[in-house]
Structures are given as structure tokens and as C-alpha cells.
Amino acid sequence: MKLQRMNRQAITLGALAVSGALALTACGSDDTGTSTGASASSGSTSSIKCDDAKGQLLADGSSAQKNAIDAWVKEFSTACGVQINYKGGGSGAGVTAFTQGTVAFAGSDSALKPEEVTASKAVCTGGQAIDLPMVGGPIAVGYNVPGVDKLVLDAATIAKIFDSKITNWNDAAIKALNPDATLPDLKIQAFHRSDESGTTDNFTKYLIAATPGNWKYDGGKAWQAKGGQSASGSSGVAAQVKQTSGAISYMELSYAKDGINAASLDTGAAAPVEATVDNATKAIADAKIVGTGSDLALQLNYTTKAEGAYPITLVTYEIVCDKGNKADTLPATKAFLTYIAGEDGQALLPAAGYAPIPADIISKVRTTIAGLS
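Residues numbered from 1 in each chain as written. Predicted model: local features only at pLDDT ≥ 70, side-chain atom pairs only at ≥ 80, totals over all residues. Heavy atoms only, no water.

(A) Quick peek at the confidence of the model for the protein chain. Across the protein chain, the average pLDDT comes to 88, with 88% of residues at 70 or higher. In this model, residues 1-45 is a region of pLDDT below 50 whose contacts with residues beyond four sequence positions or in other chains number 82 contacts. (pLDDT = per-residue confidence, 0-100. Contact = heavy atoms within 4.5 Å.)

(B) View of the packing of helix α6 (residues 155-162) against helix α8 (residues 198-210). At a minimum axis distance of 9 Å, the contact between α6 and α8 shows a crossing angle of 125°. By the angle class used here, α6 and α8 are oblique. Remark: the crossing between α6 and α8 carries left-handed chirality. Contact residues: Ala155, Ile158, Ala159 and Phe162 in α6; Phe203, Tyr206, Leu207 and Ala210 in α8. Grouping the amino acids of the contact of α6 with α8 by side-chain chemistry returns eight nonpolar, no polar and no charged. (Axes fitted to C-alpha atoms, helices over the stretch in contact; angles between N-to-C directions. Helix = DSSP H or I, 4+ residues; strand = E, 2+ residues; numbered from the N terminus. Parallel < 35°, antiparallel > 145°, perpendicular 65-115°, else oblique. Left-handed = near helix turned anticlockwise from the far one by under 90°. Nonpolar A, V, L, I, M, F, W, Y, C, P; charged D, E, K, R; others polar.)

(C) Summary view of the pairing of strand β5 (residues 105-108). Burial of the side chains of β5 extends over both faces: Phe105 and Gly107 are buried on one face and Ala106 and Ser108 on the other. Where strand β3 (residues 56-61) meets β5, three bridges bridge the pair, whose relative direction is parallel. The partner of Ala59 across the bridge, within β5, is Phe105. Where β5 and strand β15 (residues 313-321) come together, three bridges link them in antiparallel fashion. Along β15, the bridge assignment pairs Ser108 with Tyr317. (Buried < 20%, exposed > 50% of the residue type's maximum accessible area, 1.4 Å probe, protein only. Pairing = 2+ DSSP bridges.)

(D) Quick peek at unusual backbone geometry. Even without being glycine, Asp51 reaches a positive phi, approximately 50°. Position of Asp51 among the secondary structure elements: in the loop between β2 (35-39) and β3. Using a relative accessible area of 45% as the deciding quantity, one classes Asp51 as partly exposed. One non-glycine residue, Asp258, lies in the positive phi region at around 55°. Turning to its location among the elements, Asp258 is positioned in the loop between β10 (247-252) and β11 (261-262).

(E) Just the nonpolar core, in detail. Membership of the largest hydrophobic core comes to 99 residues, with the highest contact counts inside it found for Trp72, Phe76, Met134, Phe162 and Ile248. Excluding anything up to four places from it in sequence, Met134 contacts Trp72, Thr316, Glu318, Leu337, Ile340, Ala341, Gln346, Leu349, Ile357, Ile362, Val365 and Ile369. (Core = buried A, V, L, I, M, F, W, Y, C linked by side-chain atoms within 4.5 Å.)

(F) Spatial organisation of the state of the cysteines. Applying the stated rule across the entire model yields two disulfides. Between Cys50 and Cys80 runs a disulfide, and the two sulfur atoms are separated by 1.9 Å. Given an S-S torsion of about -80°, the disulfide between Cys50 and Cys80 has left-handed geometry. You can see Cys50 sitting in the loop between β2 and β3 and its partner Cys80 sitting in helix α3 (residues 66-80), a full 30 residues away along the chain. Taken individually, Cys50 and Cys80 each receive the classification buried, so the pair is uniform in this respect. The side chain of Cys124 participates in a disulfide bridge whose partner is Cys321; the two sulfur atoms lie 1.9 Å from each other. (Disulfide = S-S within 2.5 Å.)

(G) Representation of the pairing of strand β8 (residues 189-193) within the structure. By the criterion of burial, β8 is predominantly enclosed, with four of the five residues buried. Sheet topology note: the β8/β10 ladder contains two bridges and is parallel. Across the sheet, Ala190 pairs through a bridge with Ile248, a residue of β10. In this structure, β8 lies alongside strand β9 (residues 229-231), joined through three bridges in parallel fashion. Residue pairing in the sheet places His192 in a bridge with Ser230 of β9. Note that the unit made of β8, α8 and β9 has a crossover that is right-handed. (Right-handed = clockwise from strand over helix to strand, strands pointing away.)

This is how it looks when you write it as C-alpha cells:
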């Protein structure tokens, strides 16, 4: 099965599809001690290989991938009896926790920096931390404007909104992009992340690449622009947008729901591009592996003008030691990562609003996981 083929019906049905995909079934054990569980994610019976997994795993990091992690944990824990506590405190917190040796693995929406790899060598005995791309998805520009169900924005307008240069929803620049919309005379309430976030890093990388003249900041996990309001985590900014008339923020697509609409992007393609799983996968497929050795860090193309490619896209990495993982957590870590990188784990993603990693990349991830020690 090619992982980049999305299930459009599952995407459309949203939460209904998620509930169906996460139906859990009974599990048993085979003669080798490997527990197996039937997965409903792809509509057929399949096995989760537990091998010697036991005990519990502590993990932290990207809040953008937390909905995916939660879905995976339900299936894996039921099959293998391993308790996984994924805090989802943000990419910055996850990387810090990993380099301090307090978690078995971390999630980050940005690849490790050289100094973070260096720091990891203190906890990865004889090895170092590596990036394993596992979850893809569009960063939605979510908004709450009464009477405006469809909205088109471009990079320059988004940059000016989040840099407090455009402050009202009936601004001429927004009107020009939305000639058929009835835009209210309403103050824009722009929210950004208060915590260090890979979502912030990817969102600002897009602005730096697509409209450098309007975004003069260096970028990174910490928000740098002046003005606006802040909230912690993807769930935090989503909650603020949902309850605030005139609000706008950036968040992983799975959080843009229940009263939050996602803007389409004028990228220079023939038609504005919607924030969908399909369109994110088209952008990820254009990425290049720039990591060395067993590191699989990707370089995304934020300025793509390909038809249907949504450029504000992130890839979340699971961060783990290539060598020197703790002996008491290595079996469970390998079993869980093997499951989520496998066809069954990746098949859960579209219904939850995430993009599976393209087949040629995820196959390299699987090979790398098999060699973890």
C-alpha cells in the first residue's frame, strides 16, 4: 500500500472516522511471547509486534502530534500492556527532557540543532540523538470571523497580520484576496505560542521563505514578533481562537475544528490551496533528506507553487538515540516506534487529520528503527 494515498472519505468524515479507526479489539500472545492485537485502522486484522516490550515509557514534546500519539498509544497499550505517558509539552520541552535523560523518546516539529545533538551524547552512550520523521500535516491558519466561512490569505498578508501591521478584518489587503466575502469591521486578535514550539518554527520558516520583505525575524521555536497574544500548546491557541471573535492563529490541522475555520493559501498556483492532508502530503513529497548517517532530517520546500501543494507544512520527528538507549526502555521504545512507522500505524493518520510520511521516506525510517540499540 502506498502510504501517500489518502483516504478522502475518512478525511471528510473527521471525528466519525477517528472513532471508527480507534476501535480496539482483544489481543493475545503467540508462542514467542510477542503479543498481537487486531487493528481496525485499515479495516483488516493485523498484528502489533510487542516483542519484549514491558513496563512504561515517559515521553514529551510536540503538541502538534499529540492527537496522533494518543491514537497510537490506545492501540499499542491495549496490545502490549505497556503504559506510555506522552506529555505533549511542546517541541522545546521535549528536546530538553531528552537531552537531560528523563524521557525514552521525544517529539519535535523541528530537526535537532547541532548543539542539541552534542548534548544528547551525554545520555546516548556511544551514540547520539537522531531525527525520525513520523507525522506530517498542514499548519492551518485557523480563524474565527463571524459570517466568513471561507477565507483566502497569502504569505504577505499573513506576515502583516502576525506582525501587527494589519489590525482589522476589513483591511484592503484582505478584501483584495476575498472580493466576494463580507468582511466585518472587526479587530484582529492574533494569537501565537507562548512556549517554544516546532509549529512556530515551521510557521515562521514559511514566512521567512515566502515573504522575506514582510517578515524580518530570524525564526526559531520561540515567537519573536511584536504584539499579539499568546497561549501554550496547540490546544491552547486553538481554545483562544474558538472563544474569541476576530481571532486568528496557527495550529496543526487536527486542532482547527469546532468553530475554527482554516484559511486557504494563495501560493501563486492557479487556485488557492486548502489546508488538507492530501495537500500537505504533496508538499512533503517535495522534501529532501538532509540528515547524515542514520539521521533522517528533512528539508521542506516552503515556497512551492505546485498545484494543490500546501506549503505551511510540518513534519514531526521522533527523537531517539541511535545507540546507547537505556536497556530498560529500549524494547518498548523499539516496539512502539516500529508500530507507528508501520503501515497500520501510518494508516491511522489521515482520519485524525495528519499526513502519512511518503513511502520512500518511511521505509528508511523503518530500517533505522530496526537497528536501534
